[in-house]
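Tertiary structure, described
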Amino acid sequence: MNLFWIIGLAAFVLLEKTVPTGSWIGRSVGVAIAAWGVLLLATTTLTIAAPSDYHFEIVGAPTGTPGTTTVAVRLVRASDNKPVDGATIVEAKTDMGPTGMAEMFGRVTPAASDRPGLYRFSIETGMAGKWELLLTAKLLGEATPITGKVIYDAQ
């Protein structure tokens, strides 16, 4: 609904209808637009994230008090090992799977972050030990969400 495109389209239709060779102009423009579409289709690549294309990693050591741990993670692109900005964490949960007690869950609350691409979580674990943080993130341009986990020591 861009006004300039509408004006251009109206001018094209007026030219096609009023000029004696208007039917040839319409056919020529139609063939050119179809060729442009084929060219765009041929040069477009579809990118779908594979689970191995990205991973989460802990930044620094987890901190906190007994029963509550703060964990900072970042999402990293595996191909160049650079952090990815702009991801939206859609799910975060934690359990004691690494210690064989996957039925032990903790409460995960997103916390404010001071850097782009860094995601902080305040986690109420209830007991010390090895825990895993399971994350799901939606990334702009990717068709499927990215999932991953990090293992941390709760205090």
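Further up the page is the structure itself.
Reference entry: report on the structure contained in this document. (Residues numbered from 1 in each chain as written. Predicted model: local features only at pLDDT ≥ 70, side-chain atom pairs only at ≥ 80, totals over all residues. Heavy atoms only, no water.)

1. Quick look at the overall build of the protein chain
Which entries qualify depends on this criterion: Numbered from the N terminus, helices here are DSSP runs of H or I no shorter than four residues, and strands are runs of E no shorter than two. For the radius of gyration, the atom set is restricted to C-alpha positions; the globular benchmark scales as 2.2 Å times the number of residues to the power 0.38. Relative accessible area decides the class of each residue, using a 1.4 Å probe on protein chains only: under 20% of the type maximum gives buried, over 50% gives exposed, and in between gives partly exposed. Whether two residues are in contact is decided by their heavy atoms, any of which lying within 4.5 Å being enough. Where accessible areas are quoted, they stem from the Shrake-Rupley method and a 1.4 Å probe; at the residue level, only the protein chains shown are allowed to cover. None of His or the chain ends enter the tally, which takes Lys and Arg as positive and Asp and Glu as negative. Charged side chains are reduced to one point each, which is NZ for Lys, CZ for Arg, CG for Asp and CD for Glu.
Counting its regular elements, the protein chain contains two helices and nine strands. The globule rule puts the C-alpha radius of gyration for 155 residues at 15 Å, and the 26 Å found for the protein chain is more than 25% above it. Taking the principal axes of its C-alpha atoms as reference, the protein chain extends roughly 85 × 30 × 30 Å. The proportion of buried residues among the 155 residues of the protein chain is 24%. A separation threshold of at least 6 residues defines the contact pool for the protein chain, and within that pool the share at least 24 residues apart is 58%. Counting only carbon and sulfur atoms, one obtains 65% of the accessible surface of the protein chain, whose full area is about 10,200 Å². Side chains of the protein chain carry 12 positive and 13 negative charges; the gap between the two charge centres is 7 Å.

2. Some thoughts on the pairing of strand S8 (residues 129–138)
Put simply, the test is: Criterion used throughout: strands pair if DSSP finds at least two bridges between them.
Bridge count for strand S5 (residues 88–96) against S8 is seven bridges, and the pairing is antiparallel. Within S8, the residue paired with threonine 94 across the bridge is leucine 133. Of the strand pairs in this sheet, S8 and strand S9 (residues 146–154) are connected by nine bridges, and their pairing is antiparallel. Looking across to S9, one finds that tryptophan 131 is bridged to tyrosine 152.

3. Topic: the nonpolar core
For clarity, the cut-off: Think of a nonpolar core as a cluster: buried Ala, Val, Leu, Ile, Met, Phe, Trp, Tyr and Cys residues, connected wherever their side-chain atoms sit within 4.5 Å.
Counting 21 residues, the largest nonpolar core has Phe56, Val73, Leu75, Phe121, Ile123, Leu133 and Tyr152 as its most contacted members. Those elements that provide at least two residues to this core are strand S1 (54–58), strand S3 (68–77), strand S7 (118–124), S8 and S9.

4. Notes on the side chain of threonine 94
Heads up, the condition is: Between N or O atoms, a polar contact is any pair within 3.5 Å; within protein, one atom must be a potential hydrogen donor and the other a potential acceptor, and residues adjacent in sequence are included only when both atoms are from side chains.
Relative to the helices and strands, threonine 94 is located in strand S5. Only 2.8 Å separates the side chain of threonine 94 from the side chain of tyrosine 152, close enough to count as a polar contact. Look past the residues within four positions of threonine 94 in its chain and what remains in contact with it is Met104, Phe105, Gly106, Val108, Ile123, Trp131, Glu132, Leu133 and Tyr152.

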